[in-house]
Amino acid sequence: MTAEKVTEDLSPSPNRLREQRGWYFYDWANSAFPTTVLTVFLGPYLTTIAETAAAGRPYVDVLWFDVRPSAYYSFVVGFSAVLQIFLMPVAGALADHTGRKREIMGLFAYLGAGATVCFWFLSGDRYLLGGALFVMASVSFSAAFVVYNSFLPEIAAPDERDRVSAMGWGFGYLGGGLLLAVHLGLFLYHDTFHVTEGDAVRLALASAGLWWGGFTVIPMLRLRNRRALAQGSESVGRAVTGTFRQLGRTIVELRRYPLSLAFLVAYLIYNDGVQTVISFSATYADKELGLGQTVRIGAILMVQFVAFGGALLLGRLAASYGAKRVVLAALVAWTGVVAVAYFLPKGAALPFFALGFAIAIVMGGTQALSRSLFSHVIPAGKEAEYYSLYEISDKGSTFLGSFTLGLALQLTDSYRLGIVSLVIFFVVGFVLLAAVNLPRAIRAAGNQLPERL
């Protein structure tokens, strides 16, 4: 893909606006997974199933290892992240090599949605089934999101990417929040619907997969591929071989863009902290604070709708002060959030809601503005491959964070010590991001500087 082609594609037109609106709908569709599955239901539910399987014993067996039930979910998330480290760059290279981004995004989206629907079968002591389904769903989720993110430089000009990215995140929060409201009603009034509490949880998990798969139809119809293979088609074997060759070239070429790599390292570190806080907040509220499911779901529901405003607010602040400054300020706020979480009193819902409100304000903006900032430092034609590296620790795909928390739980069995250990990710991420010279990184990648960074 040439720079001239990108410029032509980004000229104002109804088709470009139609693509942007279709692009927003994938955030609307897939947000059911991080909201309903990751943030609210699966962590506490899978932990409870592991505790049931333990039957009073301190450990459960996981591939010949003894694992505490309280640590099982965090280690499953970490194992999933390890797989993504290897598989997402391949998915990104395949999308760039073949040019069939739309089809590849759809393939992974429907694999993930199908695995999520199968959470309906998660009951009794089937903790291993739950872990396997989670790995399949989360890996597919992130692989699809790699390709989804790579559309951003193709459908938005440099000066509008902060707005488009923030709108996508905000739209996702609305979609996830609306579905979660339905799940809250189902859970609270499960007796009225003649289902048990466990069945209500399984219905919520499975319907998140149906929501994800159903609304994915919209971006599949509106997004379009910019580039296809010159040959028109090639065998599967040649496509896979070409994909690995291209991935190898991209990894070698990273040395030509050290500032892009520096930004990526900073993002991976602070986003590990963000995603670990998001993924384990419901488990922390349940197992450490002793808050009921109704309080936890209500807080997360509040976060979804406040986060919509927060994403748009930080997007507007970025237009005035620059996206980098806004992200740095948000990292300071995240450090404060984690520190305060350590001191939250048991059984007190109001402080938990207040902390959730603070998280909501900075959560969407941190992610949306990081995504748009990274789009500026990617060489043309390498979008999906670079976003595969970017996506390794995004939206529930944590590595260092989840293993840090899991190790703290394994050694101390204390959620408070686990959560406070995450401060280091925000501090180190802040320092590394502040040191990156973004204008120089953008010029080195051969891209146009936006009006404000």
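Use the structure listed above.
Draft legend 1. Region of the structure containing the overall build of the protein. What the protein contains, in helices and strands, is 20 helices and two strands. Relative to a compact globule of 453 residues, whose C-alpha radius of gyration would be 22 Å, the protein shows 21 Å and is just as compact. Oriented by its inertia axes, the alpha-carbon framework of the protein measures out at about 65 × 45 × 40 Å. Counting only residues that meet the buried cut, the protein has 58% of its 453 residues in that class. Taking as baseline every contact in the protein between residues at least 6 positions apart, the subset at least 24 positions apart corresponds to 86%. Accessible area for the protein stands at about 17400 Å²; split by element, carbon and sulfur atoms hold 68% of it. Once the 35 positive and 29 negative side-chain charges of the protein are each reduced to a mean point, those two points are 6 Å apart.

Draft legend 2. Fine view of a nonpolar patch on the surface. Judged by side-chain polarity, L261, V265, I424, V428 and L432 come together as a nonpolar surface patch covering roughly 340 Å² of accessible area. Elements with a minimum of two residues in the nonpolar patch: helix 12 (258-287) and helix 19 (423-435). The element best represented in the nonpolar patch is helix 19, accounting for three residues. Within the secondary structure, L261 is located in helix 12.

Draft legend 3. Representation of the packing of helix 13 (residues 293-321) against helix 14 (residues 323-342) within the structure. Put simply, helix 13 and helix 14 touch, their axes get as near as 7 Å, and they point 130° apart. Compared by their axis directions, helix 13 and helix 14 come out oblique. Taking contact as the criterion, the partners of L314, L317, A318 and Y321 in helix 13 are, on helix 14, A323, R325 and V326. For the contact of helix 13 with helix 14, the residue count by class is six nonpolar, no polar and one charged.

Draft legend 4. How the structure looks around the pattern of salt bridges. Applying the stated criterion across every chain, the model contains nine salt bridges. Between E288 and K346 there is a salt bridge whose closest N-O contact spans 3.7 Å. Linking E288 in the loop between helix 12 and helix 13 with K346 in the loop between helix 14 and helix 15 (349-375), this pair joins segments that are 58 residues apart in sequence. Via salt bridges that share partners, R16, E160 and R163 belong to a single interconnected network.

Draft legend 5. Layout of helix 5 (residues 101-117). In this model, helix 5 (17 residues) spans 24 Å end to end at C-alpha, consistent with the 24 Å of a helix rising 1.5 Å per residue. Among the residues making up helix 5, those that are buried are K101, I104, M105, G106, F108, A109, G112, A113, A115 and T116.

Draft legend 6. Highlighting the side chain of T35. When you line up the elements, T35 lands in helix 3 (residues 32-54). Since its relative accessible area comes to 5%, T35 is described here as buried. At 2.8 Å, the side chain of T35 forms a polar contact with the backbone oxygen of S31. A polar contact of 3.3 Å, which involves the side chain of T35, links it to the side chain of Q304.

Draft legend 7. Region of interest: the side chain of E19. Position of E19 relative to the elements: it lies in helix 2 (residues 14-30). Residue classification places E19 among the buried residues on the basis of a relative accessible area of 3%. Not counting chain neighbours up to four residues away, the residues in contact with E19 comprise I155, R222, L223, R224 and R226.

Draft legend 8. View of the packing of aromatic side chains. Going through the model one piece at a time under the given rule, you end up with 26 aromatic pairs. Ring geometry for W334 versus F426: centroids 5.7 Å apart, planes at 5°, classification stacked. Of this pair, W334 sits in helix 14 while F426 sits in helix 19, and the two are 92 residues apart along the sequence. The class of W334 is buried, set by a relative accessible area of 0%. When the ring centre of F151 is taken as reference, the NZ or CZ atom of K101 above it lies at 5.9 Å.

Draft legend 9. Main features of the packing of helix 4 (residues 69-98) against helix 16 (residues 383-390). Where helix 4 meets helix 16, the axes come as close as 7 Å, and the angle between the chain directions of the two elements is 165°. Put simply, helix 4 runs roughly antiparallel to helix 16. The chirality of how helix 4 crosses helix 16 is right-handed. Together, M88, P89, G92, A93, A95 and D96 of helix 4 and E383, A384, E385, S388 and L389 of helix 16 make up the contact between the two elements. Looking at side-chain class alone, the contact of helix 4 with helix 16 contains six nonpolar, two polar and three charged residues.

Draft legend 10. Seen up close, unusual backbone geometry. The backbone of H194 shows a phi angle near 60°, a positive value even though the residue is not glycine. Tracing the backbone through its elements, the reader meets H194 in the loop between helix 8 (161-188) and helix 9 (197-215). Relative accessible area serves as the criterion here: at 75%, H194 is assigned to the exposed category.

Draft legend 11. Inspection of helix 9 at higher detail. Along its 19 residues, helix 9 runs 27 Å from first to last C-alpha, staying within 8% of the 27 Å computed at 1.5 Å per residue. Turning to helix 9, its buried residues number three or more, namely A200, V201, R202, A204, L205, A206, A208, G209, W211, W212 and G213.

Draft legend 12. Looking closely at the environment of A200. Structurally, A200 can be placed in helix 9. Residues A200 and H183, 17 residues apart in the sequence, show an inter-C-alpha distance of 8.0 Å. Look past the residues within four positions of A200 in its chain and what remains in contact with it is L186, F187, H190 and V195.

Draft legend 13. Looking closely at the environment of A156. Along the polypeptide, A156 turns up in the loop between helix 7 (152-155) and helix 8. Residue A156 is classed as buried on the basis of its relative accessible area, which comes to 0%.

Quick notes on the rules
- Residues numbered from 1 in each chain as written.
- Predicted model: local features only at pLDDT ≥ 70, side-chain atom pairs only at ≥ 80, totals over all residues.
- Heavy atoms only, no water.
- Helix = DSSP H or I, 4+ residues; strand = E, 2+ residues; numbered from the N terminus.
- Rg over C-alpha atoms; globule rule 2.2 N^0.38 Å.
- Buried < 20%, exposed > 50% of the residue type's maximum accessible area, 1.4 Å probe, protein only.
- Contact = heavy atoms within 4.5 Å.
- Areas by Shrake-Rupley, 256 points an atom, 1.4 Å probe, with all protein chains shown as cover.
- Lys, Arg positive; Asp, Glu negative; His and termini not counted.
- Charge placed at Lys NZ, Arg CZ, Asp CG, Glu CD.
- Patch = residues over 30% accessible without salt bridge, like charges linked within 9 Å, V, L, I, M, F, W, Y side chains within 5 Å.
- Salt bridge = Lys/Arg side-chain N within 4 Å of Asp/Glu carboxyl O.
- Axes fitted to C-alpha atoms, helices over the stretch in contact; angles between N-to-C directions.
- Parallel < 35°, antiparallel > 145°, perpendicular 65-115°, else oblique.
- Nonpolar A, V, L, I, M, F, W, Y, C, P; charged D, E, K, R; others polar.
- Expected span 1.5 Å × (residues − 1).
- Polar contact = N/O pair within 3.5 Å; in protein donor to acceptor, adjacent residues only side chain to side chain.
- Phe/Tyr/Trp six-rings, centres within 6.5 Å; stacked < 30°, edge-to-face > 60°.
- Lys NZ or Arg CZ within 6 Å of the ring centre and 35° of its normal.
- Left-handed = near helix turned anticlockwise from the far one by under 90°.

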